[in-house]
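# Fold and contact review
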Amino acid sequence: MKDLIEKINAELETFKSESDSLIEKGVKAAGARARKSTLELEKLLKEFRKVSIEESKK
């Protein structure tokens, strides 16, 4: 579970830096990378929910 949380935090940092590039610098390609990052975050957060529920049942 610790590895999963580290992956989520890393992906959040990626999203944050790419969205900052889009907003502050107007880098259009950063928008695509930020959107891709949100898709990856969605997968990771669903996995976290699944693992968290399994852990709470123990």
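In what follows, the accompanying structure is described. (Residues numbered from 1 in each chain as written. Predicted model: local features only at pLDDT ≥ 70, side-chain atom pairs only at ≥ 80, totals over all residues. Heavy atoms only, no water.)

Attention now goes to the overall build of the protein chain. From N to C terminus, the protein chain includes 2 helices and 0 strands. Whereas a compact globule of 58 residues would reach a radius of gyration of roughly 10 Å, the protein chain reaches 14 Å, over 25% beyond that. Along the first, second and third principal axes, the C-alpha atoms of the protein chain reach 50 × 15 × 10 Å. When burial is assessed residue by residue, the protein chain has 22% of its 58 residues classed as buried. Counting only contacts in the protein chain whose residues sit at least 6 apart along the sequence, the fraction spanning at least 24 positions is 59%. As presented, the protein chain carries roughly 4700 Å² of accessible surface, and 55% of it is formed by carbon and sulfur atoms. Here the protein chain contributes 14 positively and 12 negatively charged side chains, and the mean placements of these two sets differ by 4 Å. (Helix = DSSP H or I, 4+ residues; strand = E, 2+ residues; numbered from the N terminus. Rg over C-alpha atoms; globule rule 2.2 N^0.38 Å. Buried < 20%, exposed > 50% of the residue type's maximum accessible area, 1.4 Å probe, protein only. Contact = heavy atoms within 4.5 Å. Areas by Shrake-Rupley, 256 points an atom, 1.4 Å probe, with all protein chains shown as cover. Lys, Arg positive; Asp, Glu negative; His and termini not counted. Charge placed at Lys NZ, Arg CZ, Asp CG, Glu CD.)

Following the sequence through the fold, valine 27 ends up in the loop between helix H1 (2-25) and helix H2 (28-56). For valine 27, a relative accessible area of 31% gives the class partly exposed. Ignoring anything within four residues of it in the chain, the contact list for valine 27 reads Ser21, Leu22 and Arg33.

Attention shifts here to the pattern of salt bridges. Taken as a whole and assessed by the stated rule, the structure comprises 3 salt bridges. We note a salt bridge from arginine 33 to glutamate 18, for which the minimum N-O separation is 2.8 Å. Taken together, the residues arginine 33 in helix H2 and glutamate 18 in helix H1 connect sequence positions 15 residues apart. Taking the relative accessible area as the measure of exposure, glutamate 18 reaches 14% and is therefore buried. (Salt bridge = Lys/Arg side-chain N within 4 Å of Asp/Glu carboxyl O.)

What follows deals with the packing of H1 against H2. The description of two packed helices rests on the angle between their axes and on the distance between the axes. Between H1 and H2, the least distance of the axes is 8 Å, while the angle of their chain directions is 160°. Put simply, H1 runs roughly antiparallel to H2. In this structure, H1 meets H2 at a crossing whose hand is left-handed. (Axes fitted to C-alpha atoms, helices over the stretch in contact; angles between N-to-C directions. Parallel < 35°, antiparallel > 145°, perpendicular 65-115°, else oblique. Left-handed = near helix turned anticlockwise from the far one by under 90°.)

With that settled, the discussion passes to H2. Taking 1.5 Å of rise per residue, 29 residues should cover 42 Å, and H2 covers 42 Å from first to last C-alpha, within 8% of that figure. Along H2, the positions that sit buried rather than exposed are Ala30, Gly31, Ala34, Ser37, Leu41, Leu44 and Val51. If you follow the buried residues of H2, they end up packed against H1. (Expected span 1.5 Å × (residues − 1).)

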